[in-house]
Amino acid sequence: MTTHAPHSHGHAEHKHTEHAPRHAGGHSHRHYGEAMLSVEEALERILRHFTPLESQHTPLLEAIGQVLAEDALATHDIPPLDNSAMDGYALQAANAHGASADNPITLSVAGAVAAGELPTVAVTPGKAVRIMTGAPVPDGADAVVPFEDTDEMQRRADGTPLTEIAIRYQVSVGDDIRPAGQDVRKGDRVLQADTMLRPSEIGVLASLGYKSVSVFRRPVVAILATGNELLEPGDPYQPGMIYNSNTYSIAASVTRYGGVPKLIGIARDNLDSMNASLQDGLDSDMLVTSAGVSKGDYDMVKDVLAQHGEIDFWSVRMRPAKPLAFGVLNAGENRKVPLLGLPGNPVSALVAFEQFGRAAIRRMLGKPDAPTPTITAVLDDPIHNTDSRRVYARTVIRLENGVYRASLTGDQGSNLLTSMARANGLAICPEDVPVKQAGETVQVQMLDWTEETF
């Protein structure tokens, strides 16, 4: 996959006004007049366009976080044979009846077996076999006594050959023997399709002998920034310009949630640049843009998007990230690529991607729809809601005396990216609540869990 130069902060928020579009009459694809959508309504409209992607065989270690596309079946028992749970001696439990430290019972040692070996001798009355943890239990044995419950250490200290062993503990049939098939039986459906692969599932698949596994493939997400004012990191600073950060924060979010970011650069505010950039994103599974989605932004951006497909421009009842664009681009051969247009301010872009982009990636990965993990916390600072939108306030969550506390990260301006970097959660003030006062409880979407959180 070709990787292009990165993307952007997008147009500064002062371009993102709430005024009517520049040209009256507009185009049929615009829905400027409709009421603001709730977050749930916008999400439902977006997710209509996403389904799990096709499956592919992936090396086992690369499949972490992906979802099985087919059942994983066992081709053998696990464990394959009865085996020892301890280092000790395999014997017949009846031969150790009544054994104790004061009344040891001595058995002759007929041999030894280690893990990875097959026994070469059987256990008969009056005999025992030295056995290592995980080694197959010899025929005739029905129990294992740990070496700590014998006089082995004393014999080794004395230099006495281990031709005999004194049993100092009475055992019962089955003691310290792990039966064949205890974990998995041949033919079992061990993991079913739609299972997300965590480290434990990766281990289970390895125990079944899988070198690769069929999973829903990771979506490729193309990321495009727009704006004449943008510089790429590494370029010499120029007065009046800003460095493109949105591309990097969104690309990192794509990676975090299981997608593969494809950086396709910065589209300048002209038709040729925008058209060329869009072409670079049409081989992806989703295209994410930043900036150019507010009603006061250049009509050119909206017109170019509309020429390539069907794009709606929405107002969503949330703060930050009120302006949003979504639709599909024509990619030829009856193929369409969903486009998610994010606001240009860096915090707005990240908050919008958390609410909508994360869910789209999960859907393409075959994961169940699930909100960001949420906790209940007590506010240290008030959250004001001045315009009946759902407020996502940047907060630092910590645990004090068994109670989660939420402190705002300071000024909540949507241009202040460092306030997002300080936050580990988004505290929610509902649309119909004008203020959440300090001391009230609040729902918090957790962006991450740190040591300070617990």
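Here's a quick rundown of the structure. (Residues numbered from 1 in each chain as written. Predicted model: local features only at pLDDT ≥ 70, side-chain atom pairs only at ≥ 80, totals over all residues. Heavy atoms only, no water.)

Each helix and strand in the chain was counted, giving 8 helices and 27 strands. The C-alpha atoms of the chain give 32 Å as radius of gyration, which overshoots the globular expectation for 454 residues (22 Å, by more than 25%). Principal axes of the C-alpha set define a box for the chain whose edges measure 100 × 55 × 45 Å. Taking all 454 residues of the chain together, the buried fraction comes to 49%. As displayed, the chain has an accessible area near 20700 Å², and 52% of this comes from carbon and sulfur atoms. The distance from the centre of the 39 positive side-chain charges to the centre of the 56 negative ones in the chain is 5 Å. (Helix = DSSP H or I, 4+ residues; strand = E, 2+ residues; numbered from the N terminus. Rg over C-alpha atoms; globule rule 2.2 N^0.38 Å. Buried < 20%, exposed > 50% of the residue type's maximum accessible area, 1.4 Å probe, protein only. Areas by Shrake-Rupley, 256 points an atom, 1.4 Å probe, with all protein chains shown as cover. Lys, Arg positive; Asp, Glu negative; His and termini not counted. Charge placed at Lys NZ, Arg CZ, Asp CG, Glu CD.)

Bringing the side chain of Lys-436 into the picture now. Counting through the fold element by element, Lys-436 comes out in strand S26 (residues 435-436). Although Lys-436 lies buried, it forms no salt bridge, and the closest oppositely charged side chain, Glu-440, sits 4.3 Å away as judged by the N-O distance. At 3.0 Å, the side chain of Lys-436 and the backbone oxygen of Thr-441 are in polar contact. Once residues within four sequence positions are removed from consideration, Lys-436 is found in contact with Leu-379, Asp-381, Pro-382, Ile-383, Cys-429, Pro-430 and Thr-441. (Salt bridge = Lys/Arg side-chain N within 4 Å of Asp/Glu carboxyl O. Polar contact = N/O pair within 3.5 Å; in protein donor to acceptor, adjacent residues only side chain to side chain. Contact = heavy atoms within 4.5 Å.)

Mapped onto the fold, Asp-285 is located in the loop between helix H5 (271-280) and strand S16 (286-290). Excluding residues that lie within four positions of it along the chain, Asp-285 makes contacts with Leu-53, Arg-217, Arg-218, Pro-219, Val-220, Arg-335, Val-337, Pro-338 and Met-364.

A few words on unusual backbone geometry. Residue Ile-78 is joined to Pro-79 through a cis peptide bond whose omega torsion reads -10°. Here Pro-79 is to be found in the loop between strand S2 (72-73) and strand S3 (83-84). The residue after Arg-319, namely Pro-320, is reached through a cis peptide bond having omega 0°. On the secondary structure map, Pro-320 appears in the loop between strand S18 (318-319) and strand S19 (323-330). Positive phi values are uncommon outside glycine, yet Ala-291 reaches one of about 80°. If you trace the backbone, Ala-291 turns up in the loop between S16 and helix H6 (299-307).

Turning next to the environment of Leu-329. Here Leu-329 shows up in strand S19. A relative accessible area of 0% means that Leu-329 is categorised as buried. Leaving out residues up to four positions away in the same chain, Leu-329 has contacts with Leu-278, Leu-282, Leu-287, Leu-305, His-308, Gly-309, Ile-311, Arg-335, Lys-336, Val-337 and Leu-339.

This part is about the nonpolar core. Residues Ile-250, Leu-324, Leu-340, Leu-342, Phe-353 and Phe-356 are the most contacted members of the largest nonpolar core, which totals 39 residues. Counting only elements with at least two residues in this core, the list comes to helix H1 (39-47), strand S12 (220-226), helix H4 (246-256), S16, S19, strand S20 (336-342), helix H7 (346-364) and strand S25 (425-429). With 10 residues, H7 is the largest single contributor of residues to this core. Residues in contact with Leu-342, not counting those within four places in the same chain, are Ile-250, Val-288, Thr-289, Ser-290, Ala-291, Val-293, Leu-324, Ala-349, Ala-352 and Phe-353. Grouped together as the second largest cluster of nonpolar side chains are 17 residues, Ala-222, Ala-267, Leu-282 and Val-293 included. (Core = buried A, V, L, I, M, F, W, Y, C linked by side-chain atoms within 4.5 Å.)

Attention now goes to the sheet that holds strand S17 (residues 309-315). Pairing is mixed in the open sheet, where 6 strands are placed in the order S15-S12-S16-S20-S19-S17. The open sheet has two edge strands with one neighbour each: strand S15 (260-267) and S17. Each strand axis lies, on average, 20° off the axis of its neighbour in the sheet, ignoring direction. Looking at chain direction, S19 and S20 are connected through 6 bridges and run antiparallel. Its bridge partner lying in S20, Leu-329 is registered against Val-337. (Pairing = 2+ DSSP bridges. Axes fitted to C-alpha atoms, helices over the stretch in contact; angles between N-to-C directions.)

The next thing to look at is the pattern of salt bridges. In total, this model carries 18 salt bridges according to the counting rule given. Across the salt bridge formed by Glu-152 and Arg-130, the nearest N and O atoms sit 2.9 Å from each other. Note that Glu-152 is positioned in helix H2 (residues 152-158) and Arg-130 in strand S6 (residues 127-131), a separation of 22 residues in sequence. Since its relative accessible area comes to 13%, Arg-130 is described here as buried. Each of Asp-380, Arg-398, Glu-400 and Arg-405 takes part in salt bridges that share partners, so that together they form one network.

Under the definition given, this model contains 4 aromatic pairs. Between the aromatic rings of Trp-314 and Phe-326, the centroid separation amounts to 6.2 Å while the plane-to-plane angle is 35°, which identifies the pairing as tilted. Of this pair, Trp-314 sits in strand S17 while Phe-326 sits in strand S19, and the two are 12 residues apart along the sequence. Here Trp-314 falls in the buried class, since its relative accessible area comes to 4%. Each residue in the set Phe-50, Trp-314 and Phe-326 is aromatic and connected to the rest through ring pairs, giving one cluster. The side chain of Arg-45 reaches across the aromatic face of Trp-314, ending 5.6 Å from its centre. The positively charged end of Arg-358 is found above the aromatic ring belonging to Tyr-257, 5.7 Å away from the centroid. (Phe/Tyr/Trp six-rings, centres within 6.5 Å; stacked < 30°, edge-to-face > 60°. Lys NZ or Arg CZ within 6 Å of the ring centre and 35° of its normal.)

Let us look at H7. In this model, H7 (19 residues) spans 25 Å end to end at C-alpha, consistent with the 27 Å of a helix rising 1.5 Å per residue. Along H7, the sharpest change in direction is near 45° and occurs at Phe-353. Taken across its 19 residues, H7 has 18 buried, putting it largely inside the fold. Just beyond H7, the residue with positive phi is Gly-366, at close to 85°. (Expected span 1.5 Å × (residues − 1). Bend = angle between axes of the 7 residues up to and from the residue.)

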